[in-house]
Amino acid sequence: MGIVSRSYLLQALGRDWLRDTLVGNTSSSWGAIGSMHVIDRTVADVSLSGEDHYQRAFSYVNGMELRVASFNTASGAFISAQLGATVIASGGEYEVHQKIRRTEKARALDETIRRLRLRREVILPTVDGAYHYTMPTGITTVLGVQVYANPEGSLDRDPRRLSWWGVQNTGTLPELRIYPAAGASYALAIDAILALTLGAADAATINLPDERWALAGAAAKCWDLLAKESPGQDVRELRRHRAEAATEFTRLSAD
């Protein structure tokens, strides 16, 4: 189980699963006036001259997604005819996505994560004498509730059973109702099924038991998108990749 960021998941999806993504660092700075150039001398290769390499791919830098109009094989410049909103600094990280643009990968990742469910214990501090508590965000199903009389105990948290508990939908948020009421400085331990979420920012993070779980589901969606938009002779191979990713997603969902 580990905490990973949106940026890491998108790069792993493109680089390790779809094999269409280049991640690097710029070697020159370029102003925001005029067409945008992402320059990385480490990818310069004159042997690619005349092959239209990277043409119509998408570069991603400083939060901007830019269509690559051409690639300068001598300098390693990804040239776009679009105007930029910010300056591209030297040494900054960039990505180039060749088969599927980054925004489509992000949409596939978000759709997959919305389907994920995970069983976890959620700790809720008690209020002395309270019989009802607002349910924490993300809980879809409550499987059980108990009280920790010593929630900070390193050896024994002193778990205690409740006579009754239930979840009640209200006009605002669902409430967890218990009996009897717990004392102050106790904690409710909720055995719950959680719906996972991932924020929109690149730095947003999510705690996953296995990152491949989300990546396999997103990869299956991406291969399916490619199959729908590709010529007939390529569809069989793309569907094979989709089936492999979907099988891995199913296997990881069952773990």
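Bear in mind that the values here come from a model prediction, so they are computed numbers and not experimental data.

Asks: Sorry if this is basic, but what is going on with the nonpolar core here?
Replies: Here is a general trend for soluble globular proteins: nonpolar side chains tend to be buried in one another's company. Grouped together as the largest cluster of nonpolar side chains are 34 residues, with contacts concentrated most on Leu109, Ile113, Leu116, Leu196 and Ile206. Those elements that place two or more of their residues in this core are helix 1 (6–17), helix 2 (102–115), strand 16 (205–208), helix 3 (211–229) and helix 4 (232–254). In terms of residue count, helix 3 provides more of this core than any other element does, eleven residues in total. Those residues in contact with Ile206 that sit more than four places away from it in its chain are Gly2, Ile3, Val4, Leu9, Ile113, Leu196, Thr197 and Leu198. Listed in part, the 17 residues of the second largest apolar core include Leu124, Val145, Leu176 and Leu194.

Asks: Even after reading the chapter, I still don't get the environment of Ala187, so can you show me in this structure?
Replies: Along the chain, Ala187 falls in strand 15 (residues 187–195). Sequence separation between Ala187 and Arg15 is 172 residues, and the spatial gap between their C-alpha atoms is 43 Å. Among all residues touching Ala187, those that are not within four sequence positions of it are Ile123, Leu124, Pro125, Thr126, Gln146, Val147, Tyr148 and Pro151.

Asks: Sorry if this is basic, but what is going on with a nonpolar patch on the surface here?
Replies: A surface patch of nonpolar side chains, about 370 Å² in accessible area, is lined by Tyr131, Trp164 and Tyr179. Tracing the backbone through its elements, the reader meets Trp164 in strand 13 (residues 164–168). With relative accessibility at 47%, the residue Trp164 sits in the partly exposed group.

Asks: Any chance you could explain the sheet that holds strand 13 here in plain terms?
Replies: Overall, antiparallel pairing links the three strands, which are arranged 10-14-13 in an open sheet. Strands with a single pairing partner mark the edges of an open sheet, and in this sheet they are strand 10 (132–134) and strand 13. Pairwise comparison of adjacent strand axes, ignoring direction, gives a mean angle of 20 degrees for this sheet. Pairing of strand 13 with strand 14 (residues 175–179) involves five bridges; the strand directions are antiparallel. If you follow Trp164 over to strand 14, its bridge partner there is Tyr179.

Calculation notes
Residues numbered from 1 in each chain as written. Predicted model: local features only at pLDDT ≥ 70, side-chain atom pairs only at ≥ 80, totals over all residues. Heavy atoms only, no water. Core = buried A, V, L, I, M, F, W, Y, C linked by side-chain atoms within 4.5 Å. Buried < 20%, exposed > 50% of the residue type's maximum accessible area, 1.4 Å probe, protein only. Helix = DSSP H or I, 4+ residues; strand = E, 2+ residues; numbered from the N terminus. Contact = heavy atoms within 4.5 Å. Patch = residues over 30% accessible without salt bridge, like charges linked within 9 Å, V, L, I, M, F, W, Y side chains within 5 Å. Areas by Shrake-Rupley, 256 points an atom, 1.4 Å probe, with all protein chains shown as cover. Salt bridge = Lys/Arg side-chain N within 4 Å of Asp/Glu carboxyl O. Pairing = 2+ DSSP bridges. Axes fitted to C-alpha atoms, helices over the stretch in contact; angles between N-to-C directions.

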